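# Fold and geometry: a report
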Amino acid sequence: MKTLKRFVLVGAPASGKGTQARFLAEKYQLETLSTGALLRHEIETGTELGRAAAAYIAKAMLVPDEVVNEIVRNWVSAHAAAAWLLDGYPRTLAQAEALESNLAELGLPLDVVVWLDVSHGLIQARMLRRRECASCGCITRNGEDTCPNCGGAMYIRSDDNLEAFARRWKDYERLTEPVARYFHAKGQAVRIPVVEEKEPEEVFLLTRHALEQFAEND
Ligand code: AMP
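To start, this report covers the structure provided alongside it.

The rules behind each value
Residues numbered from 1 in each chain as written. Predicted model: local features only at pLDDT ≥ 70, side-chain atom pairs only at ≥ 80, totals over all residues. Heavy atoms only, no water. Salt bridge = Lys/Arg side-chain N within 4 Å of Asp/Glu carboxyl O. Helix = DSSP H or I, 4+ residues; strand = E, 2+ residues; numbered from the N terminus. Phe/Tyr/Trp six-rings, centres within 6.5 Å; stacked < 30°, edge-to-face > 60°. Buried < 20%, exposed > 50% of the residue type's maximum accessible area, 1.4 Å probe, protein only. Expected span 1.5 Å × (residues − 1). Bend = angle between axes of the 7 residues up to and from the residue. Contact = heavy atoms within 4.5 Å. Core = buried A, V, L, I, M, F, W, Y, C linked by side-chain atoms within 4.5 Å. Near = heavy atom within 4 Å. Polar contact = N/O pair within 3.5 Å; in protein donor to acceptor, adjacent residues only side chain to side chain. Areas by Shrake-Rupley, 256 points an atom, 1.4 Å probe, with all protein chains shown as cover. Nonpolar A, V, L, I, M, F, W, Y, C, P; charged D, E, K, R; others polar.

## Observations concerning the pattern of salt bridges
- Under the counting rule described, the total for this entry stands at 13 salt bridges.
- For the salt bridge of glutamate 105 with arginine 73, the shortest nitrogen-to-oxygen distance reads 3.6 Å. Here arginine 73 lies in helix H4 (residues 65-78) and glutamate 105 lies in helix H5 (residues 93-106), a separation of 32 residues in the sequence.
- Via salt bridges that share partners, Arg40, Glu132 and Arg157 belong to a single interconnected network.

Here is the structure:
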C-alpha cells in the first residue's frame, strides 16, 4: 500500500476545489499551496507579484506560466520534506512539465492527482451563488451575506460573473483538462465525476474511497 504524501488537485473554476482541498489537507495532514489564493493575497497587499498578476486575474485570464512556475518552484523547494497539496496548479501542460522537472530535481515523486470532474451546467449554477469570507477565507454556495463560520462579511469574487465564467471555462477545457487527462493516462490520477449536485462532504467521501483504492492498487 502506497503512502500518499504529495497531491495535486485539478478541477474547473467553482468545481469545489477549495473546499475539497481543505478536506484533503485535514485528512492527510497536508500543507496547501493555492496559487489562486496566494495571487489574490499578493494583489491585496500590493506586492510586485500582485501587480504583475492583477490585470490577468481581473480579466479572468490565466497568469503567465513563468510567473506561477516560479512561485510553485520556490514553495515546493521550501516544503521538500513536507506532505503537501497543490490546489489550482498545474493548470497548463507547460506547468505540468515544469512541476515534473522541479520534482525530479528534488528527487520527489508526485503521488496522486485528484481530478474533480464536475459538469459545466452544475458549475455555472454554483458559481453564481458562490461567496467567499473576507476574514477566514471560508467559501459558501448559497449567496450568504455573513460568514457561517466566523460572522465576517462575505464577498463575491470579481471573476465570478457569467462573462468571466465563460472565459475561465474555455481555458479550463482547452488548457487544464488536458493536464488532468495527461496524468490520468499515466495512471497517476483519480477521477471524481460529479454530474449532479452533491454536498461537499459526499464528494469528499467518494474522493477518499477512490484514493484508498488507488493507494491499495499501487
Ligand atoms: P483560483 O482561485 O484557483 O480559481 O484562481 C484564481 C485566478 O488566479 C485564476 O483565474 C488565474 O487568473 C490565477 N491562477 C491561479 N492559479 C493559476 C495557475 N496555475 N496558472 C495561471 N493562473 C492561475
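## Quick notes on the packing of aromatic side chains
- Across all of its chains, the model carries six aromatic pairs by this definition.
- With 5.3 Å between their ring centres and 45° between their planes, phenylalanine 23 and phenylalanine 204 make a pair best called tilted. Separated by 181 residues along the polypeptide, phenylalanine 23 in helix H1 (residues 17-28) and phenylalanine 204 in helix H8 (residues 200-217) bring together distant segments of the chain.
- Given the relative accessible area of 11%, phenylalanine 204 is considered buried.
- Plain terms: the ring middles of phenylalanine 165 and tryptophan 169 are 6.2 Å apart, the flat faces sit at 40° to each other, and that makes the pair tilted. Remark: tryptophan 169 and phenylalanine 165 occur in helix H7 (residues 162-185); sequence separation between them is four residues, near one turn of the helix.

## Regarding H7
- Over its 24 residues, H7 runs 32 Å from end to end, which matches the ideal 34 Å to within 8%, given 1.5 Å per residue.
- Bending of H7 peaks at approximately 40° at the position of glutamate 173.
- Buried residues belonging to H7 abut strand E1 (6-11), H5, strand E4 (112-118), helix H6 (120-127) and strand E8 (189-194).
- Of the residues one or two after H7, glycine 187 is the one with positive phi, at around 75°.

## Side note on the nonpolar core
- Counting residues in each nonpolar core, the largest one holds 58 residues, and the members touching the most others are Phe7, Leu24, Leu86 and Leu211.
- The contacts of leucine 86, once residues within four sequence positions are left out, are Phe7, Val8, Leu9, Leu33, Val72, Trp75, Val76 and Leu99.

## Quick notes on the site of the ligand
- Surrounding the ligand, one finds 16 residues, the nearest of these being Thr35, Arg40, Met61, Gly88 and Gln95.
- Contacts to the ligand include arginine 40, whose side-chain N or O atom sits 2.9 Å from an oxygen atom.
- Residue valine 63 places a main-chain N or O atom 3.0 Å away from a nitrogen atom belonging to the ligand.
- Relative to its free-state accessible area of 480 Å², the ligand is covered by the protein chains to the extent of 96%.
- No other element matches helix H2 (residues 35-44), which puts four residues into the shell around the ligand.
- In terms of residue class, the shell around the ligand is made up of seven nonpolar, four polar and five charged.

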